[in-house]
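Summary of the model geometry
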Amino acid sequence: MKRSSVLVGFVLLLVAVLPAVAATEIAGTTGGGAYYRIVVPDVWNGDLVIWNHGFSLAPVGPVTDLGPLADLQLSEGYAVAASSYQQSGWALFKTKNDLQQMVERFADRFGTPRAVWITGASLGGAVTASALEDADLGNVIAAYTICGAVAGSRNWDGALDLRLIYDAVCSDVPGAAIPGGAEGLPEGSTIDATGLAIRVNACTGILLPAAARSAEQSARLAEILGVANVPESFLLTDMGFATFAMSDLVHDQGKLHGKVGAGNARVDYGVAEIDATIARVSPNPGAANRLELHFTPTGNVGPAKIVSLHTDKDGLVVVENESAYAAVVPESNLTTAIVVEAAPTHCGFTPAEVVAGWESLRGWVAGTPKPSPAVIQGTCQAIEAGGLAPGPCRIDPAFVVPPIDGRIRPR
């Protein structure tokens, strides 16, 4: 059978309005303290799809989100499960245990799944990549990541750089100084998101229209954005990650035990003044090792087939994550497809694009050749044209993901 006819067959499964699926749902907590939610359709195909959610510093609570494709996956016969994780923030120190214990609960109630598919977005992409390599989840045959932090702990190098670049440019500006440096914020700091925004605005005028900024604010803003490789629309978001999330990573006793895990001792920032004035930090060796283990990908993904979808201008989880992942995962296991967007977003996909990646992965597992980005784009266009999910479809088959060292300076 031709590849195109098989893919069209999968697309036709998406009939315009998905019927309600009769299902059994269970929820609870694991021994480690993570919440889980599991839904199994009455007509179950034997496979389990795991959804891994994105980054949050909110307290851990019951699972409300089974992922953007849950209704479709249930209609296709898959069981769907998701964990809250037992840790907030960079939860990868415990996610292997969380997912293993959730699958054990599943097997106790419904039996061992025939096959397991792992999916996730943003931080959930890193959780997915980690689970492929380290978790014992049974017969894992496929993975699907969207806007995934698949370079893992390498992303903390970028966060550290932004924070220390900000300090080098802004620490002497009245009202702009932020305590904490490489630890993000000191333990017990009372600075909140509003307080952070006020400080960043004092230095850069980021909350003001461009015409209302002083010449000095405009110059400082341009320097920070240029050296840190951050889109202007993401500066406050990324500064939040480099302060609140970094502080959680460093000070949580279940993570780095109060030690700094990322450093910049020999980084060349390419700007003489920055190189001369920026704080130089050497990570604690134990913390650096612990951060690398939780998690930096090695590419040991076994036979799993992987589709990874990203937007080209993501200002939080940069697209260069994909080049770092592709550098270690065997080419035969991985298809990377890049959506070209008009303005920077984080995870700003259309429904048709997300469905197309999933259906292309299903086709690959079912026996069609490994899908190219062009095939995923064509599948997306068929989905959109059929009125099955809204587009547009913006995957560029010719897009070449730049190397991560060009975006996050090498250590």
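Summary of the structure given here. None of the values given here were measured: they were computed from a predicted structure.

This part is about the sheet that holds strand β8 (residues 334-339). Read across the sheet, eight strands follow the order β1-β2-β4-β3-β5-β6-β7-β8 without closing on themselves; strand pairing throughout is mixed. Each edge of the open sheet is held by one strand with a lone partner, namely β1 (23-29) and β8. Direction aside, neighbouring strands of the sheet carry axes that sit 15° apart on average. Sheet analysis places strand β3 (residues 47-52) next to strand β4 (residues 79-83), joined by four bridges and oriented parallel. Within the sheet, the bridge partner assigned to W51 lies in β4 and is A82. On the sheet, helix α3 (residues 95-110) packs against β1, β2 (35-41), β3 and β4 and is oriented at approximately 40° with respect to β2. Along the sheet, helix α13 (residues 373-385) contacts β7 (305-311) and β8; its crossing angle with β8, the most-contacted strand, is approximately 55°.

Where helix α6 (residues 193-204) contacts helix α7 (residues 215-228), the two axes come as close as 7 Å, and the packing angle between them is 110°. Put simply, α6 runs roughly perpendicular to α7. Across from N201, A202, C203 and T204 in α6, the residues of α7 making contact are Q217, S218, R220, L221 and I224. Within the contact of α6 with α7, the residues separate by chemical class into four nonpolar, four polar and one charged.

Judged by how many residues are buried, strand β6 (residues 140-146) sits mostly within the fold: six of seven residues are covered. Taken together, the six bridges between strand β5 (residues 115-121) and β6 define a ladder with parallel strand orientation. Each bridged residue has a counterpart across the sheet, and for A121 the counterpart in β6 is I146. Both β6 and β7 contribute to a ladder of five bridges, which runs parallel. When the sheet's bridge partners are listed, Y144 is paired in β7 with V307.

In this section: empty space enclosed by the protein. As enumerated under the stated definition, the model contains one cavity of 30 Å³ or more in all. Considering the residues around the largest cavity, the lining is formed by W51, L66, G67, P68, L69, Q73, T119, G120, Y144 and I146. Within the residue set of the lining of the largest cavity, elements represented by two or more residues are β5 and β6. Residues that form the lining of the largest cavity fall into these classes: six nonpolar, four polar and no charged.

All right, on to the state of the cysteines then. Applying the stated criterion across every chain yields a total of three disulfides. Disulfide partner of C147: C347, at an S-S distance of 2.0 Å. What sets the handedness of the C147 and C347 disulfide is the S-S torsion sign, and at about 95° it is right-handed. Highlighted residues: C147 in the loop between β6 and α5 (154-170) and C347 in the loop between β8 and α12 (351-366), separated in sequence by 200 residues.

Here we take up the layout of surface pockets. Taken as a whole, the largest pocket encloses approximately 540 Å³ of empty space. Along its surface, the largest pocket is lined by 31 residues, and D238, F241, G315, L316 and V317 are the ones closest to its centre. The set of elements that each furnish at least two residues to the lining of the largest pocket consists of α5, α7 and α8 (235-251). When residues of the lining of the largest pocket are assigned to their parent elements, the largest contribution, seven residues, is made by α8.

Attention now moves to the packing of α3 against helix α4 (residues 123-134). When two helices pack together, you describe them by how their axes are tilted relative to each other and by the distance separating the axes. With their axes 10 Å apart at the nearest point, α3 and α4 run at an angle of 75° to one another. As far as their axial angle goes, α4 and α3 are roughly perpendicular. Facing α3, whose interface residues are T95, K96, L99 and Q100, α4 presents V127, A131 and D134. The class makeup of the residues in the contact of α3 with α4 is three nonpolar, two polar and two charged.

One can find Q87 in the loop between β4 and α3. Side-chain polar atoms of Q87 contact the backbone oxygen of G254, separated by 3.2 Å.

Another aspect to go through is the side chain of Q73. Here Q73 is to be found in helix α2 (residues 70-75). Not counting chain neighbours up to four residues away, the residues in contact with Q73 comprise V49, Y78, V80 and W358.

About the thresholds
Residues numbered from 1 in each chain as written. Predicted model: local features only at pLDDT ≥ 70, side-chain atom pairs only at ≥ 80, totals over all residues. Heavy atoms only, no water. Pairing = 2+ DSSP bridges. Helix = DSSP H or I, 4+ residues; strand = E, 2+ residues; numbered from the N terminus. Axes fitted to C-alpha atoms, helices over the stretch in contact; angles between N-to-C directions. Contact = heavy atoms within 4.5 Å. Parallel < 35°, antiparallel > 145°, perpendicular 65-115°, else oblique. Nonpolar A, V, L, I, M, F, W, Y, C, P; charged D, E, K, R; others polar. Buried < 20%, exposed > 50% of the residue type's maximum accessible area, 1.4 Å probe, protein only. 1 Å grid on protein atoms, 1.4 Å probe; cavity = no way out; pocket = protein on both sides within 12 Å on 5 of 7 lines; lining within 4 Å. Points joined across faces, edges and corners; volume = space filled by probe spheres on them. Disulfide = S-S within 2.5 Å. Polar contact = N/O pair within 3.5 Å; in protein donor to acceptor, adjacent residues only side chain to side chain.

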